[in-house]
Protein chains: 2
Amino acid sequence: MELTERKKKVLRSVVDLYIRTAEPVGSKAITELPDMNYSSATIRNEMADLTAMGYLEQPHTSAGRVPSAAGYRLYVDELMQDYRLSMDETNSITAAIEEKMQRVDKLMEKVAKIVSQATDLPAISLASRFGGAEVKHFELITAGPGSVILVVMLTSDEVVNKLIRLPVSVTESDLKLLSAVLNTTMTNLPPEGFTPELMERVMDNAGPAASLVPVVVEFTVETLQKQGSTNMAVAGQMRLLGQPEYRDVDKAQRVLTSLDEEALSNLPAVMQNANGTKVLVGPENVAQELKDTSVVMTKFDIGDGLQGMIGVVGPTRMDYAKVTARLSYFAESLSKMFAKPEQAQLPEGREEE
Amino acid sequence: MELTERKKKVLRSVVDLYIRTAEPVGSKAITELPDMNYSSATIRNEMADLTAMGYLEQPHTSAGRVPSAAGYRLYVDELMQDYRLSMDETNSITAAIEEKMQRVDKLMEKVAKIVSQATDLPAISLASRFGGAEVKHFELITAGPGSVILVVMLTSDEVVNKLIRLPVSVTESDLKLLSAVLNTTMTNLPPEGFTPELMERVMDNAGPAASLVPVVVEFTVETLQKQGSTNMAVAGQMRLLGQPEYRDVDKAQRVLTSLDEEALSNLPAVMQNANGTKVLVGPENVAQELKDTSVVMTKFDIGDGLQGMIGVVGPTRMDYAKVTARLSYFAESLSKMFAKPEQAQLPEGREEE
DNA sequence: TTTAGCACTCTATAGTATAGTGTGCTTAGC
DNA sequence: GCTAAGCACACTATACTATAGAGTGCTAAA
């Protein structure tokens, strides 16, 4: 059977209506739409065809139609009308983003919160690093008797520090010597490069401050390894409860629990090669718990080896047009913000507590 | 009417049973308990008395009894049997805690997660600072052309840093001069001490690196102000959905939303003068959304001017004995952990991204 | 090709009957 | 003066039935 223009129009109307009402859509409701000058019988025939083609489903014989996963897919790919963001919406998104954030994890939390607010759905945001960092520069500073501050600057221009307490005091010149040794031998190395042999060699040359070396190495390796990790935040989980398909507490709990348990960690993989906004309709989701749920995701650029992603989780019957529009605008605004040099303070280390 | 021993025993049994079953408790159920050698009629009389005294409530004429808020209060204060943690429980709690954590906010997240797991209820954890910090030491380090790393050590022994980018290069000796000036004039000051006049005076003496001063001051003041803030984490919100009293999605959503929106920020105030574990039964809660909900909280010591608190939110019909036992054990273990010096690495600044 | 008409299916809702649980009260026993 | 047994009464939860309403599919006519 061929998918005529009129069939597409009917399908779009069904999806639109179903998104609005969450109730199965009958033929009469379609005829009442403006721009639909056919009788309900005609629409019924078309709907019967669409059902046969797999785009619609019938909960039971005498109910209206509901879009199938394939129906949503077609809707998202071809039929959906672009949703235009109102000035109010863009303004509030922009305002929310402009608040400066200095630490990636805090930023991700904030972003997830805002996205969730903007879409009234649970939102995920994550920042993953591609390519590991190496150490660019070591510095050791005296900080009172028995205390030394280690400052490590990475190739990604992030700066981390650690307070080291010693049983004995070391002089400033001892530290200077050690710093020099560290900077000549231990910079520009991947975490695997910090072998016991290297450490031994450094300790032999490090002079009186040699006892510091193991602590320095341990901290550095740990830091480098953490560089490869992903920062993820989930926000607004409970907004899912507002959706009629989750009046069933058990169902809601299943989905929400899976959101919490980082079953989402495979989402970045899905986005790897994708560009722009990606929509995963129900069964297209890998995670079993999300088979009944749709995910909309989009990438944005943080710069400095960081790849950001924001996404939203909701019922398959979510307002894809609105959600994708907001998400895209969001991603764009974020990318722009990080491109502005005076705002791009992000990877500069900043410690709160 | 007097509250005889037997009445207390009946009340305790009713609360215990109701906690277990979440169903109104009838007189027959009580008689079937071991150690209850009275007929149902006698129990009925006692229950009628307890109802008259306000400790029990009747959903309707021919239903069993349910504890009132006053009933729970009495139960918590006097009747509750101490719950003994099993080895398994203490072990799993201890194991969970021993994982070292370096940053307060991350630690609070982790703690909230564990507490929620241990109690199967939503959990809150927070760390609030009493007494503001001041700057103990400034240090400026060159980090390649046009980049300077500012390291600030606070009186609390926390270390924070910031990468500053400059349009011009400054020499190491310029930075040394500036560091010295900063250390003589701007240490041991509260945030209000950083007046424009002081800043001007410092800039006059700072030599070629004077342009750095405004950035340094802004960052320092911001950091000091953040010291006073509270770190808070909520975890396991969706566990509330497992409780039968929250089968009603709307009710669950109301409570969960209030958990999210930091309506809990006044909880620390409640704990201020309290010692040990504190239980807030339903209407004793200040927050309107929690009137139907009980909160159990306890304090723990992080040291270094930080006060920790963990708490759990659940239906008034929660297992107070179990929850308070676990919470107290938790708090104790955490306090102990922070008291051990080799574990107490917490306030030593550590930056991830 | 479209549409009007109609019989049919299915659901949601209200109303009714019934079994079961629990109470309060009265009365009898210790 | 307690305690217990018995009984009428109250109320809920559950199943069952009837009914209205919405929507369909099919047929036949325009």
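Along every chain, residues carry numbers that run from 1 in the direction the sequence is written. In the order they appear in the text, chains get letters beginning with A and ligands get numbers beginning with 1. Only residues with pLDDT of at least 70 are given local features in this predicted model, and only at 80 or more are side-chain atom pairs given and counted; all residues enter the totals for whole chains, interfaces and linings. Side-chain numbers here rest on the full set of heavy atoms in the structure, without hydrogens or water.

## Brief notes about the interface of chain A and chain B
Reasoning step 1: Working rule for contacts: check all heavy atoms of both residues, and any pair within 4.5 Å makes them a contact. On the side of chain B, 54 residues touch chain A, which itself brings 53 residues to the contact.
Reasoning step 2: Buried surface area refers to the total accessible area, computed with a probe of radius 1.4 Å, that the two partners give up upon joining, counted for both partners together. For the pairing of chain A and chain B, the buried interface totals around 5100 Å² over both sides, and the portion due to carbon and sulfur atoms is 47%.
Reasoning step 3: Within this document, salt bridges are pairs made up of a side-chain nitrogen of Lys or Arg and a carboxyl oxygen of Asp or Glu, the two lying within 4 Å of each other. The tally of links from chain A across to chain B stands at 2 salt bridges.
Reasoning step 4: Between Arg-247 of chain A and Asp-250 of chain B there is a salt bridge, with its nearest N and O atoms 3.4 Å apart.
Reasoning step 5: Residues adjacent in sequence count toward polar contacts only when both atoms are side-chain atoms; beyond that, a polar contact is any pair of N or O atoms within 3.5 Å, and within protein one must be able to donate a hydrogen and the other to accept it. In this structure, the connection of chain A to chain B is made through 6 residue pairs in polar contact (both at pLDDT 80 or more).
Reasoning step 6: Mapped by element, the contributors of at least two residues to the side of chain A that touches chain B are α6 (104-119), β4 (135-142), β5 (147-154), β6 (159-165), α9 (213-227) and α10 (249-260) of chain A.
Reasoning step 7: With 7 residues, α10 of chain A is the largest single contributor of residues to the side of chain A that touches chain B.
Reasoning step 8: Ten residues, namely Ala, Val, Leu, Ile, Met, Phe, Trp, Tyr, Cys and Pro, are considered nonpolar, four, namely Asp, Glu, Lys and Arg, are considered charged, and the remaining ones, Gly among them, are considered polar. Looking at the side of chain A that touches chain B, its residues break down into 16 nonpolar, 13 polar and 24 charged. Secondary structure elements follow DSSP: runs of H or I of four or more residues count as helices, runs of E of two or more count as strands, with numbering from the N terminus.

## Overview of the relation of the copies chain A and chain B
Reasoning step 1: The copies are overlaid by a least-squares fit using only the C-alpha atoms of residues whose pLDDT is at least 70 in both copies. Between the two copies, chain A and chain B, the superposition gives an RMSD of 0.1 Å; the rotation angle is 180° and the shift along the axis is 0.1 Å. Both chain copies can therefore be described as sitting about a two-fold axis.
Reasoning step 2: Interface overlap between copies: 100% of the residues of chain A at the interface are likewise at the interface in chain B, consistent with a symmetric, same-surface contact.

## Observations regarding helix α10 (residues 249-260) of chain B
Reasoning step 1: A rise of 1.5 Å per residue sets the reference length of α10 of chain B, with its 12 residues, at 16 Å; its end C-alpha atoms lie 16 Å apart and thus fit the reference within 8%.
Reasoning step 2: Note on classification: 1.4 Å probe, protein chains only; a residue is buried when its accessible area is under 20% of the maximum for its type, exposed when over 50%, partly exposed between these limits. The set of residues buried in α10 of chain B consists of Val-249, Ala-252, Val-255, Leu-256, Ser-258 and Leu-259 of chain B.
Reasoning step 3: Tucked into the core, α10 of chain B has its buried residues touching α10 of chain A together with β7 (230-235), β9 (293-303) and β10 (306-315) of chain B. Expected span, for any helix, means 1.5 Å times one less than how many residues it has.

## Digging into the sheet that holds β6 of chain A
The strands that make up a sheet pair up through hydrogen bonds in the backbone, lying either parallel or antiparallel.
Residue and element names in this part refer to chain A.
Reasoning step 1: Two strands qualify as a pair provided DSSP detects at least 2 bridges between them. Across the sheet, which stays open at both edges, the 3 strands sit in the order β4-β5-β6 with antiparallel pairing between neighbours. The open sheet has two edge strands, β4 and β6, and neither has a second partner. Across this sheet, the average inter-strand angle for adjacent strands is 20°, counted without regard to direction.
Reasoning step 2: Relative to β6, β5 runs antiparallel, the two being bridged by 7 bridges. Residue pairing for β6: Val-152 is matched across the bridge by Val-160.
Reasoning step 3: Here, axes are lines fitted to C-alpha atoms. For helices the fit covers the stretch in contact, and angles between N-to-C directions go from 0 to 180 degrees. Helix-sheet contacts for helix α7 (residues 172-185) involve β4 and β5, and the interaxial angle to β4 is about 170°.

## Quick look at the protein's contact with DNA strand C
Reasoning step 1: Here a residue counts as near a molecule or strand whenever at least one of its heavy atoms sits within 4 Å of it. Contacts to DNA strand C come from 20 residues, most closely from Arg-6, Thr-42, His-60 and Ser-62 of chain A together with Ser-27 of chain B.
Reasoning step 2: Close to the protein, within 4 Å, the atoms of DNA strand C belong to sugar or phosphate groups at a rate of 68%.
Reasoning step 3: Ser-27 of chain B has a polar side-chain atom sitting 2.7 Å from a phosphate oxygen of DNA strand C.
Reasoning step 4: At 3.1 Å from a phosphate oxygen of DNA strand C is found a side-chain nitrogen or oxygen belonging to Arg-65 of chain B.
Reasoning step 5: Broken down by secondary-structure element, the contributors of at least two residues to the surface near DNA strand C are α3 (40-52) of chain A together with α3 (40-52) of chain B.
Reasoning step 6: Sorting elements by how many residues they give to the surface near DNA strand C places α3 of chain A first, with 4 residues.
Reasoning step 7: Each residue belonging to the surface near DNA strand C can be placed in one class, and the counts come to 4 nonpolar, 12 polar and 4 charged.

## Details of the side chain of Thr-187 of chain A
Residues and elements named next belong to chain A.
Reasoning step 1: Structurally, the position occupied by Thr-187 is in the loop between α7 and α8 (196-205).
Reasoning step 2: Within the structure, the side chain of Thr-187 is placed 2.9 Å from the backbone oxygen of Asn-183, a separation counted as a polar contact.
Reasoning step 3: Residues within four places of Thr-187 in sequence aside, it is in contact with Val-135, Lys-136, His-137, Phe-138 and Leu-182.

## Regarding the side chain of Asp-174 of chain B
All names here are of chain B.
Reasoning step 1: Tracing the backbone shows Asp-174 in helix α7 (residues 172-185).
Reasoning step 2: His residues and chain termini do not enter the charge count, which takes Lys and Arg as positive and Asp and Glu as negative. As a buried residue without a salt bridge, Asp-174 has its nearest oppositely charged side chain in Lys-176, at a separation of 12 Å.
Reasoning step 3: With sequence-adjacent residues up to four places away left out, Asp-174 is seen in contact with Pro-208 and Ala-209.

## Let's talk about the environment of Val-15 of chain A
Residue and element names in this part refer to chain A.
Reasoning step 1: As for its position among the elements, Val-15 is in helix α1 (residues 5-21).
Reasoning step 2: Each C-alpha atom, one on Val-15 and one on Tyr-72, is 7.4 Å from the other, the two residues being 57 residues apart in sequence.
Reasoning step 3: Residues in contact with Val-15, not counting those within four places in the same chain, are Pro-67, Tyr-72 and Tyr-75.

## Some remarks on the nonpolar core
Reasoning step 1: To define a nonpolar core, start from buried Ala, Val, Leu, Ile, Met, Phe, Trp, Tyr and Cys residues and group those joined through side-chain atoms within 4.5 Å. Among the nonpolar cores identified, the biggest contains 56 residues, and Tyr-320 and Phe-330 of chain B are the most heavily contacted of them.
Reasoning step 2: If you tally residues by element for this core, the top one is helix α12 (residues 320-339) of chain B, at 9 residues.
Reasoning step 3: An automatic or database domain assignment is the source of the domain bounds shown. Formed jointly, this core draws a minimum of three residues from each of two domains, domain 1 (5-79) and domain 2 (92-130 + 229-339) of chain B.
Reasoning step 4: Grouped together as the second largest cluster of nonpolar side chains are 55 residues, Val-10, Ile-19, Ile-30 and Leu-50 of chain A included.

## Description of the pattern of salt bridges
Reasoning step 1: For the structure shown, the criterion picks out 26 salt bridges over all chains.
Reasoning step 2: Where Arg-317 of chain A meets Glu-245 of chain A, a salt bridge forms, and the shortest distance between an N and an O atom there is 2.5 Å. Remark: Glu-245 of chain A occurs in the loop between β7 (230-235) and α10 and Arg-317 of chain A occurs in the loop between β10 (306-315) and α12 (320-339); sequence separation between them is 72 residues. Here Arg-317 of chain A matches Glu-245 of chain A in class, with each residue buried.
Reasoning step 3: Between Lys-8 of chain B and Glu-5 of chain B there is a salt bridge, with the nearest N and O atoms lying 3.8 Å from each other.

## Focus: the pairing of strand β5 (residues 147-154) of chain B
All names here are of chain B.
Reasoning step 1: Within β5, 8 of the 8 residues are buried, leaving the element largely enclosed by the surrounding structure.
Reasoning step 2: Across the two faces of β5 the burial is the same, with Ser-147, Ile-149, Val-151 and Met-153 and Val-148, Leu-150, Val-152 and Leu-154 all buried.
Reasoning step 3: Summarising the sheet, strand β4 (residues 135-142) and β5 pair through 7 bridges and their orientation is antiparallel. Bridging across to β5, His-137 finds its partner in Met-153.
Reasoning step 4: Where β4 hands over to β5, the hairpin turn is made up of 4 residues, of which Gly-144 adopts a positive phi near 85°.
Reasoning step 5: What sits between the antiparallel neighbours β5 and strand β6 (residues 159-165) is a turn of 4 residues, in which Asp-157 has the positive phi angle 70°.

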